[in-house]
Amino acid sequence: MELIHRNLAIGIHDALQETFFEKNKYADKVIERLLKANKKWGSQDRAVVSEIFYNIIRWKKRLEYYMGEGVKPNNIYKLIIAYLLWSKTNYKKFEEFDGIKIADILTKLKKNTVPTKAIEHSIPDWLAETLEKELGDNWEKEMTALNEQAPTVLRTNSLKTTTKELISDLSDEGVVSYPIKNYPDAVQLEEKKNVFLTTAFKEGLFEVQDASSQKIGYFLDVKEGQRVVDACAGAGGKTLHLAALMKNKGQIVALDIFEWKLAELKRRAKRAGAHNIETRMISDNKVIKRLHEKADRLLIDAPCSGLGVLKRNPDSKWKIDQDFIDRIKKEQQQILQDYSKMLKKGGKMVYATCSILPSENNKQVEEFLKNNPGYKMIKDEKVMPSEGYDGFYMALIERIS
């Protein structure tokens, strides 16, 4: 990895400035726009820009320590230099780097120690405290895993192809991939590639979906012909998996509070050849009330802190705080309470989050069951980031009366 083209350094600088200092700008979208705007960059240039951009976001707090100051809109080149020195990345001395004193940075790097665990793992102080309180001694192991780059995992669309065929089709297009043991539909890429340009993608043979996330569809235990409600469908990654597991038979009602997410879901469903999905926007409580006791299966993929997916969304640790987590926990409790009424007696639901905090996961389910004796837990599972993929929690709950 080396940074030897000035226009790449400027691109990284501008993308970091946008991510850190502009409202509601998320790293994945910022980098997507940057790469789209620079069509002349080759695949090697794109890889350099993406990797440096994401690593700087990931290690921001640690890099601030090496810089001796917090990141500000006018010192982002210093932040980039701190990263290049720390990661021993070969770089050219562009004019943008003029006047940056690197001696102090090098002195700190030579010491090879940092003063706190929060700086070591590059997370806000409050988050280090929360993780330690909730996960005990395991928190550092999980945080180490969350600071690694996420692998690219695809979910084979079984409505159109098989895992074996998909691997072969991708190979024909120069994309090397392999199956993952115990994940029937998952295919992992050997190295990062822009799979959205492949014919296989355009033909709807796969979706990009982390292996842990793929567990949830199976956990819900759907059957062909059932009526399934996906209550927080978003852009529909899990909805499409459910459609495939149901072989397009039965009905899936995909709900969300955002119209644009449901529009994206419709577009994806068309490409995937998933015909049994109906989208409904939750504009008021009536939408939920009309579905009371109508669902054989219910998926509540609840809004959460997202701490289980920091591998792929490292900027979110700088955008949330303890207040946000406290608010989201109230929301989770409310959603469980209101949405669970859509389940028929004898029906099953999954409460899932992409968080690793027990207070958002099993504690929420325990609280719900304590207040709702008509429901019982069948089983639950937590998937930790140290297992190699995203952190997730899922609980399978049956309505008994």
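Everything below is about the structure shown above.
Residues numbered from 1 in each chain as written. Predicted model: local features only at pLDDT ≥ 70, side-chain atom pairs only at ≥ 80, totals over all residues. Heavy atoms only, no water.

One open sheet holds the 7 strands; their spatial order is β9-β8-β7-β10-β11-β13-β12, and the pairing between them is mixed. Each end of this open sheet is capped by a strand with a single partner; those strands are β9 (277–281) and β12 (375–383). Direction aside, the axes of adjacent strands within the sheet are offset by 15° on average. Sheet topology places strand β7 (residues 227–230) next to strand β8 (residues 251–256); 4 bridges connect them, and they run parallel. Looking at β8, one finds that Val228 is bridged to Ile252. This element, helix α13 (residues 237–245), spans β7, β8, β9, β10 (295–301) and β13 (392–399) of the sheet and lies at about 175° to β8. Contacting β10 and β11 (343–353), helix α17 (residues 322–339) crosses the sheet at an angle of about 160° to β11. (Pairing = 2+ DSSP bridges. Helix = DSSP H or I, 4+ residues; strand = E, 2+ residues; numbered from the N terminus. Axes fitted to C-alpha atoms, helices over the stretch in contact; angles between N-to-C directions. Contact = heavy atoms within 4.5 Å.)

Attention now moves to the packing of helix α5 (residues 76–86) against helix α6 (residues 103–111). Viewed as axis vectors pointing N to C, α5 and α6 meet at an angle of 35°, and their least axial separation amounts to 10 Å. The chirality of how α5 crosses α6 is right-handed. On the side of α5, the interface is formed by Lys78, Ile81, Ala82, Leu85 and Trp86, while α6 contributes Ile105, Leu106 and Leu109. (Left-handed = near helix turned anticlockwise from the far one by under 90°.)

On the surface, a cluster of positive charge is made up of Lys286, Lys289, Arg290 and Lys341. Note on placement: Arg290 falls in the loop between α15 (285–289) and β10. (Patch = residues over 30% accessible without salt bridge, like charges linked within 9 Å, V, L, I, M, F, W, Y side chains within 5 Å. Areas by Shrake-Rupley, 256 points an atom, 1.4 Å probe, with all protein chains shown as cover. Salt bridge = Lys/Arg side-chain N within 4 Å of Asp/Glu carboxyl O. Lys, Arg positive; Asp, Glu negative; His and termini not counted. Charge placed at Lys NZ, Arg CZ, Asp CG, Glu CD.)

The next subject is the sheet that holds strand β3 (residues 153–156). A sheet is described by the order of its strands in space; here 4 strands give the open sequence β4-β5-β3-β6, paired in antiparallel fashion. Every interior strand has two partners, whereas the edge strands, β4 (177–180) and β6 (206–208), have only one. Within this sheet the neighbouring strands show an average axis-to-axis angle of 35°, counted without direction. Two strands pair when backbone bridges link them, and β3 and strand β5 (residues 183–189) are joined in this way by 3 bridges, in the antiparallel orientation.

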